[in-house]
Amino acid sequence: MNSDDRHNHYDEEDDVEETFVDDDDVADVVHYEGEEGDMAMDDEDDEEEGEGGERSEILLEDDSVQGFFAHKEPVFSIDLHPTQQNLVVSGGSDDRAYIWQLDTGEQIAELSKHGDSVSAVGFSSDGSLVATGGMDGKIHVYSVDKREQCATLDGPDEIQFIDWHPKGNVLLAGAQDASLWMWSLPTGDFMHVFAGHSAPVTCGRFTNSGRNIVSGAEDGSLIVWDPKTAAIVRQFTSQDERFHQGAITSLAIARDDQVILTGSVDATAKLVHVNGTILGSLGNATESVEAVGLCDVLPLAATGSVDGSLSVWDINTMRLRTTLRHDDSVTRVLWHESSPMLTSVSMDSSVRTWDARTGECVRVWRGHQAGIMDLALTRDGRTVVTASDDGCCLVFSE
């Protein structure tokens, strides 16, 4: 189904009532058991005793082709340069961010230290600038070519996320104090503050066209904003019993900007139209839905939960197509560009790529010794770079 077909479908859905999925609608459940010989390595009790009562040594799997190891403490955020896909930026709880080279792991630049953990990093849409946001409430912005800091932005408190405008050097940030802020770069000129949430803003981004901003918060509200005026265009709140009754954790926006998918600690995902219609509830998880995504080429959605489930949904019929499995919480989900392939990462320390059409797990990569917090994909989908609680960034490639 192409973008125009999706647009026409959702325009006709203005009067659609909320749809819930029951057990009879489930197509199938896929359990990934791993290759023969795979084993958990969490407990020393799982080690087998060899001859003479000595414990046998467990061999650690490492499928990575490269890595970056300067952080030493948990790494929270990672991003790939949009055009020079050999450049990576990463930031973590050591209060530091680095630019490094994907193919060699070589450090290119150590960026200015924050006063607290670096919670968000990102290259601008044209790749000329890179920003780091910290729990200290500061955002540092640098010229990528010159490796020089060009602005320090402040105003909000702890930074929860940052996002660059898709067509210009305008930066958005969401904060713990329930506000969003926007600046023009590289000058650092303040543009707007967005007030409407009543609790920390957990997720947000510009729409693909850049004409609106969408944000979700711990108060269970989802707001569509006009970036030119900071006015609220549309708002969904927990006062509507059909919408989330808990904090929103994540969101995704369809390619045509007409549909928004949200995940929540209430163990559901909600699909809404920008015209204000709640299209349906996707609710087969037993714990918080932490990661969501919408496919570019097929009418499919993915929702990842703390319970380890990764569910694939048909958003035309609102039916569950298949449920995939990690061994621990799913932390991030990314659809491949112009593809029905899906890559997920988890607190089980693995990276898994799935064919959403069949539910087949086509690849599993291991190498981290702790949960994976973030990932980025090259545009061809063949290389994944990850950020982990073990203090390492790893590169996996076909």
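This one's a predicted model, so the numbers in the text were calculated from it and none came from an experiment.

Asks: Just checking my understanding: could you explain the environment of T132 for this structure?
Replies: Following the sequence through the fold, T132 ends up in strand β8 (residues 129–134). You can call T132 buried: its relative accessible area is 0%. Placed 20 residues apart in sequence, T132 and T152 show a C-alpha to C-alpha distance of 9.8 Å. Setting aside chain neighbours within four positions, we find T132 in contact with A97, L111, H114, V118, A120, V121, K138, I139, H140, Y142 and I162. A polar contact is formed between the side chain of T132 and the side chain of H114, at a distance of 2.8 Å.

Asks: Teacher, can you tell me more about the sheet that holds strand β2 (residues 66–68) here?
Replies: Sheet strands associate in pairs through backbone hydrogen bonding, adopting either a parallel or an antiparallel arrangement. Strand order in this open sheet of 4 strands is β2-β33-β32-β31, and the pairing throughout is antiparallel. Each edge of the open sheet is held by one strand with a lone partner, namely β2 and β31 (372–377). Going from strand to strand, the sheet's axes swing by 20 degrees on average, the running direction of each strand aside. With 3 bridges joining them, β2 and strand β33 (residues 393–397) adopt antiparallel strand pairing. Each bridged residue has a counterpart across the sheet, and for G67 the counterpart in β33 is L394.

Asks: Is there a simple way to explain the pairing of strand β13 (residues 179–184) in this structure?
Replies: In summary, the side chains of a regular strand alternate between the two faces of the sheet. Most of β13 is tucked away, with 5 of its 6 residues classed as buried. Bridging between strand β12 (residues 170–175) and β13 involves 5 bridges; their strand directions are antiparallel. Bridge pairing in β13 places L171 opposite W183. Where β12 folds back onto β13 in an antiparallel hairpin, the turn is made up of 3 residues, including A178, whose phi is positive at roughly 80 degrees. Examined bridge by bridge, β13 and strand β14 (residues 189–195) share 6 bridges and lie antiparallel to one another.

Asks: Can you help me understand the packing of aromatic side chains in this one?
Replies: Within a pair of aromatic rings, the relevant descriptors are the distance that separates the centres and the angle that separates the planes. According to the stated counting rule, one finds 7 aromatic pairs in the structure shown. Here the aromatic residues F68, Y98 and W100 are joined through ring pairs into a cluster of three or more.

Asks: Which parts of the structure should I look at to understand the pattern of salt bridges?
Replies: Should their charged atoms come close, side chains of opposite charge can pair. Tallied over the entire structure, the rule returns 9 salt bridges. Two residues, D154 and K138, come together in a salt bridge whose shortest N-O distance is 3.2 Å. Linking D154 in the loop between β10 (148–153) and β11 (159–164) with K138 in the loop between β8 and β9 (139–143), this pair joins segments that are 16 residues apart in sequence. With relative accessibility at 43%, the residue D154 sits in the partly exposed group. A salt bridge links D327 to R352, with the nearest nitrogen and oxygen atoms 3.5 Å apart. Of the two residues, D327 is situated in the loop between β26 (319–325) and β27 (330–335) and R352 in strand β29 (residues 350–355); the sequence distance between them amounts to 25 residues. The network of salt bridges with common partners includes D327, D348 and R352.

Asks: What is the right way to read unusual backbone geometry from this model?
Replies: The bulk of non-glycine residues show a negative phi, and the bulk of peptide bonds are trans. Put simply, L185 and P186 share a cis peptide bond, and its omega is 10 degrees. With respect to the helices and strands, P186 occurs in the loop between β13 and β14. Even without glycine at this site, K72 takes up a positive phi of about 70 degrees. Secondary-structure assignment places K72 in the loop between β2 and β3 (75–80).

Asks: Would you explain the sheet that holds strand β19 (residues 248–253) in this entry?
Replies: The 4 strands are arranged β19-β20-β21-β22 in an open sheet whose pairing can be described as antiparallel. Each having just a single partner strand, β19 and β22 (278–282) make up the two edges of the open sheet. Each strand of the sheet is rotated relative to its neighbour by a mean of 20 degrees, with strand direction disregarded. Direction of pairing for β19 relative to strand β20 (residues 259–264): antiparallel, over a ladder of 5 bridges. Across the sheet, residue I248 finds its bridge partner in β20, namely S264.

What counts, and where the lines are drawn
- Residues numbered from 1 in each chain as written.
- Predicted model: local features only at pLDDT ≥ 70, side-chain atom pairs only at ≥ 80, totals over all residues.
- Heavy atoms only, no water.
- Helix = DSSP H or I, 4+ residues; strand = E, 2+ residues; numbered from the N terminus.
- Buried < 20%, exposed > 50% of the residue type's maximum accessible area, 1.4 Å probe, protein only.
- Contact = heavy atoms within 4.5 Å.
- Polar contact = N/O pair within 3.5 Å; in protein donor to acceptor, adjacent residues only side chain to side chain.
- Pairing = 2+ DSSP bridges.
- Axes fitted to C-alpha atoms, helices over the stretch in contact; angles between N-to-C directions.
- Phe/Tyr/Trp six-rings, centres within 6.5 Å; stacked < 30°, edge-to-face > 60°.
- Salt bridge = Lys/Arg side-chain N within 4 Å of Asp/Glu carboxyl O.

None of the figures reported here should be taken as evidence of function without further support.
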